Amino acid sequence: MSNEETYDETAEVEVIRGEPRVEAPEAPVLSDGLGCHSGSEMEKAARMAGNSEMLDQFAKDYPVGPHDQPQSMCPAFGSLRVGLRMKRTATILSGSACCVYGLTFVSHFYGARRSVGYVPFNSESLVTGKLYEDIRDSVHEMADPDRFDAIVVTNLCVPTASGVPLRLLPKEINGVRIVGIDVPGFGIPTHAEAKDVLAGAMLNYAREEVKSGPVQAPAGGKADRPTVALLGEMFPADPMMIGAMLAPMGLAAGPVVPCREWRELYAALDCGVVAAIHPFYTAAVREFEAAGRPIVGSAPVGHDGTAAWLAGIGDAFNIPKDQIAAAQNAFLPAIKGALAQTPIKGTITLSGYEGSELLVARLLVESGADLRYVGTACPRTQWSDPDREWLESKGIKVQYRASLEDDCAAMEAIKPDLAIGTTPVVQKAKEMAIPGLYYTNLISARPLMGPAGAGSLAEVINAAIAGKSRMDDMKAFFEGVGHGDTAGVWEGAPNLRPDFRAQHQKKLDKQARAAKAQEMI
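The text that follows walks through the structure, step by step, so that each part is easy to find.

Okay, the overall build of the chain next. Along the backbone of the chain there are 22 helices and 14 strands. Relative to the globule expectation of 24 Å for 521 residues, the C-alpha radius of gyration of the chain, 26 Å, shows essentially globular dimensions. Projecting the C-alpha coordinates of the chain onto the three principal axes gives extents of approximately 95 × 65 × 65 Å. Put simply, the chain has 521 residues, and 50% of those count as buried. Put simply, 72% of the contacts in the chain that link residues at least 6 apart link residues at least 24 apart.

Quick look at the structure:
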């Protein structure tokens, strides 16, 4: 009997209790705390598992910055997002459950409307090779030509470090293409570059198909004019605007890579010139160059950028100078007028990890902004040199592979009227009563090209700068509630324990010395 008060029959419901699951013994590859943040240890394991050639290529294509692991979201989100945006393309992830959960959560947060396949594993299946067999069985099960043109299988950190050999998967099953890629956090520095990993793998597959014989035509038919393939994800209106600017030269805008449908890959490879709108697509550029396609860097942003880009495209196609001038004269006055009508006044720092930061920076400068610093998490490539040189000629600091510390240090030193950056940069800015805008959602998700892009940023940026007084009011309101480990309202003095802090720091120093000694061995 119980004296518990009950109000319905809920308390009488029988609870079914399951049997405890007996876990398989831990395998050496996952022992000693080896996980997604193990950095050099994961890379060492991957090399021992036979992935040295792949990692060496990653190091060449995507040279790391000051950190040995990404400071932004998991890089695999980039390739996952590319696959989820493609028609008739299925996606399978192989990785730790926590990683897959996070990636699928973020993908659906950003609007994915299809399921993500997942092949689970434990230490035993990972070491014995059963995981590879499970992946192979899953691919065979999903390879339905009525539903899919391709299946993308992605190894995350742990399967890559363990050497799960996706290269051994069949290239095609029942007419469905199988594309296996590795996207480890210890080899791919940003999610932007992970997009290139998948784009490059798909272009390579499509290029081999083209060499083997006839391929499917684009859904809209073959273009009646020479085309310019556009490299890099962009606002939906931008390709149309680029097409309009190319028309006076007798050219058309080709597919945007990463593509939305497999057959677009063939049309992209059939282009006359590739425009590296986003300059970090190293693997994709390699495939286009292997197909004999010339590459033109930068993009038609602002007055100067549009003039130079149209000239570069025209020269690549050997277009007569008067035709190039006609294209420039058709759009440059409109761009100049749009910039003059929507000026931006204020000091700005800019940072992000999308790869379009230098293009946005050019647009801000031509809009009248006093831009002092541009930080991008992506690496320097020759395709961004025109933008870098233009910005540096204006006395603006350009930082490639910028770390969070770089971006925050610039903001703290400059104390701008507006800080545009990643979430932690914006958070830091608002703590300092500096207005901030999140780059990915509020800046990069806008048209940037031609006349449409010229006036697209002014409204949101000027509104944010005008909100400085509200930031001051909020800082004054919360003044005195503490910061960091003293945050909150205290009746007395905060209970600080500097002895605990010193003891913990000794542990960290000891671990650092041990790691350094291990490197020397």
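Moving on, there is more to tell.
We now examine the layout of surface pockets. Within this model, the second largest pocket holds a volume of roughly 880 Å³. Looking at the second largest pocket, it is lined by 28 residues, and the ones nearest its centre are Met54, Gly180, Ile181, Asp182 and Ala201. Looking at the lining of the second largest pocket, the elements with two or more residues in it are helix 2 (52–61), strand 5 (176–182), helix 8 (191–212) and helix 11 (282–290). Tallied by class, residues from the lining of the second largest pocket come to 15 nonpolar, six polar and seven charged.

Once that is clear, we can look at the sheet that holds strand 5. The sheet built from five strands is open, its strands ordered 2-1-3-5-4 with mixed pairing. Strands with a single pairing partner mark the edges of an open sheet, and in this sheet they are strand 2 (117–118) and strand 4 (172–173). Here two bridges tie strand 1 (residues 89–94) to strand 2, and the two strands are oriented parallel to one another. Within strand 2, the residue paired with Ile92 across the bridge is Gly117.

Okay, the environment of Leu265 next. With respect to the helices and strands, Leu265 occurs in helix 10 (residues 262–269). Separated by 49 residues in the primary sequence, Leu265 and Gln216 place their C-alpha atoms 9.9 Å from one another. Among residues more than four places away in sequence, those in contact with Leu265 are Met202, Leu203, Ala206 and Cys259.

Tallying each qualifying case throughout the model produces three cavities of 30 Å³ or more. Here the largest cavity is characterised by a volume of approximately 90 Å³. Surrounding the largest cavity, 13 residues form its lining, Pro279, Gly355, Leu358, Ser384 and Tyr400 being those nearest its centre. For the lining of the largest cavity, the class distribution of residues is eight nonpolar, three polar and two charged.

Conventions adopted
In this numbering scheme, every chain counts its residues from 1 along its sequence in written order. Local features in this predicted model are restricted to residues whose pLDDT is 70 or higher, and side-chain atom pairs enter the listing and the counts only when it is 80 or higher, whereas totals over whole chains, interfaces and linings include all residues. As a rule here, side-chain values come from all non-hydrogen atoms in the structure, and water together with hydrogens is ignored. For the purposes of this entry, the term helix denotes a DSSP run of H or I that reaches at least four residues, the term strand denotes a run of E that reaches at least two, and both are numbered from the N terminus. The atom set for the radius of gyration is the C-alpha atoms, and the globule formula is 2.2 Å times the number of residues raised to the power 0.38. Here's how the labels work: a residue is buried when its accessible area is under 20% of the maximum for its type, exposed when over 50%, partly exposed in between, all with a 1.4 Å probe on protein chains only. Residue contacts are counted whenever heavy atoms from the two residues lie within 4.5 Å of one another. Here the term cavity refers to a set of points on a 1 Å grid, laid over the protein atoms alone, in which a 1.4 Å probe fits but cannot get out; the term pocket refers to an open set having protein on both sides within 12 Å along at least five of seven lines, with lining residues being those that place an atom within 4 Å of a point. Grid points are joined across faces, edges and corners, and a volume is the space filled by probe spheres set on the points. For this classification, Asp, Glu, Lys and Arg are treated as charged, while Ala, Val, Leu, Ile, Met, Phe, Trp, Tyr, Cys and Pro are nonpolar and the rest, including Gly, are polar. Whether two strands pair depends on DSSP finding at least two bridges between them.

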